[in-house]
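Here are the chains, one letter per residue:
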Amino acid sequence: MNILNEISKIGIVPVIALHDAQSAVPLAQALIKGGLPCAEVTFRTDAAEESIRQMSQHCPDMLVGAGTILTPQQADRAVAAGAKFLVSPGLNEEVVKHCQKIGVPIIPGVATPSEVEKALSLGLTTLKFFPAEAAGGLPMIKAMCAPYSQVKFMPTGGINAKNLNSYLGFKKVIACGGSWMVSQELIKSGNFAEITRLSKEAVAVMLGFELRHVGINCADEKESCGVADQFEKLFGFTKQDRGGAYFAGEFIEVMKKPFYGEKGHIAIATHYPERAAYHLEKAGVEINWDSAGYQPDGSLRVVYLKNEVGGFAVHILQK
């Protein structure tokens, strides 16, 4: 998978400053366990290079990158240690050209239209927006995307669980960088269990899973109509004919013929189906990609899991 595409699927890039390389592996393991198999290890500390090396060697499932890359020499050291992508706080033409020469993805920081134009002249279309909140936040990103529609951003700086989805909900944002789940206090105290908990919480907030409806399999349209009538009479759930099924209210779908699932199906809505499918697969869940349906823009709209739960097929769909 393309590195930038994988970063987009993960959605959240933990930004980490490590002062002791001995913390690198347990920290990486905590992030993986929490559902965030990615890290941007900043080159602001003496332990950064060795931390990247340790993470890369001992946690092969971790997508490890290096941040705060200010010189070509730092880029070389980071890549030699195992970094798969590089991030810089600003737009340094020398660093960008060197990274392009050695073939490693670089995401430089920008905060103004002039910097965006400079990045475009260097052939870059995925940029870090930094410092995100201080530089105008999502309104500034949207304003810059109007004239520069080909550009996508990874905002970093001031992002947390409360404002995460306001950024990710804009399609020109591929992911968000943040450090709220990997604070210095937690790392120094070795509280990796709390890092795992905060990581799981961040993923849960991002994906926003919630029950959308339950589908009931019926043998034919007559039976489907009768079942929907019963729900309407019992609870006042208005019956609606929606082609392949009758709905009783918004949360009960009564299929006009048997569909996926022995008993029926359960629909789980999410903010981001593609990210949800990625995270589910990373957790060992098999996806039935033959069942996938897509939006007009080509993005995933709905897809079923391969295995049933309690006799019900389960699918995720766009909120």
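That block above? That's the structure.
Rules behind the numbers
- Residues numbered from 1 in each chain as written.
- Predicted model: local features only at pLDDT ≥ 70, side-chain atom pairs only at ≥ 80, totals over all residues.
- Heavy atoms only, no water.
- Salt bridge = Lys/Arg side-chain N within 4 Å of Asp/Glu carboxyl O.
- Helix = DSSP H or I, 4+ residues; strand = E, 2+ residues; numbered from the N terminus.
- Buried < 20%, exposed > 50% of the residue type's maximum accessible area, 1.4 Å probe, protein only.
- Pairing = 2+ DSSP bridges.
- Axes fitted to C-alpha atoms, helices over the stretch in contact; angles between N-to-C directions.
- Contact = heavy atoms within 4.5 Å.
- Polar contact = N/O pair within 3.5 Å; in protein donor to acceptor, adjacent residues only side chain to side chain.

## Points about the pattern of salt bridges
Taken as a whole and judged by the stated rule, the model has 14 salt bridges. For glutamate 93, the salt bridge is made with lysine 97, and the minimal N-O distance between the two is 2.8 Å. In this pair, glutamate 93 and lysine 97 are both assigned in helix α5 (residues 93-102), four residues apart and thus about one turn of the helix distant. On the basis of relative accessibility, which here comes to 45%, the residue lysine 97 falls in the partly exposed class. The network of salt bridges with shared partners includes Glu49, Glu50, Arg53 and Arg77.

## Looking at the sheet that holds strand β12 (residues 252-255)
Spatially, eight strands are ordered β10-β11-β12-β9-β13-β16-β15-β14 in an open sheet, and the strand pairing comes out mixed. In this open sheet, the two edge strands, each paired with only one partner strand, are β10 (239-241) and β14 (287-294). Here the average twist between neighbouring strands, direction ignored, is 25°. Here strand β15 (residues 300-305) runs beside strand β16 (residues 312-318); their pairing, made up of three bridges, is antiparallel. Of the residues in β16, the one forming a bridge with tyrosine 304 is histidine 315. Lying on the sheet, helix α12 (residues 273-282) is in contact with β13 (264-270), β14, β15 and β16; it crosses β16 at an angle near 135°.

## Section: the side chain of serine 299
Inspection of the secondary structure puts serine 299 in the loop between β14 and β15. Taking the relative accessible area as the measure of exposure, serine 299 reaches 19% and is therefore buried. For serine 299, the side chain forms a polar contact with the side chain of aspartate 297, separated by 2.7 Å. When residues no more than four places from it in sequence are discounted, the contact partners of serine 299 are Lys171, Glu274 and Tyr294.

## Things to note about the sheet that holds strand β3 (residues 63-67)
With parallel pairing, eight strands are arranged side by side in an open sheet as β7-β6-β5-β4-β3-β2-β1-β8. In this open sheet, the two strands that pair with only one neighbour each are β7 (152-155) and β8 (176-178). Adjacent strand axes in the sheet meet at a mean angle of 30° when their direction is disregarded. In this structure, strand β5 (residues 106-110) lies alongside strand β6 (residues 126-129), joined through two bridges in parallel fashion. Its bridge partner lying in β6, glycine 109 is registered against lysine 128. Across the sheet, helix α3 (residues 48-58) touches β1 (12-16), β2 (38-42) and β3, and the angle it forms with β2 is around 160°.

## Remarks on the pairing of β15
For β15, the buried fraction is high: five of the six residues fall into the buried class. Across four bridges, β14 lies against β15 in antiparallel orientation. Within the sheet, the bridge partner assigned to asparagine 288 lies in β15 and is tyrosine 304. What sits between β14 and β15 in their antiparallel hairpin is a turn of five residues, with glycine 298 showing a positive phi close to 95°.

## Here's the deal with the environment of glycine 177
Locating glycine 177 in the fold gives a position in strand β8. Sequence separation between glycine 177 and alanine 292 is 115 residues; the distance between their C-alpha atoms is 29 Å. Non-local contacts of glycine 177, meaning those with residues more than four positions away in its chain, are made with Val13, Val15, Met154, Pro155, Thr156, Gly157 and Ile159.

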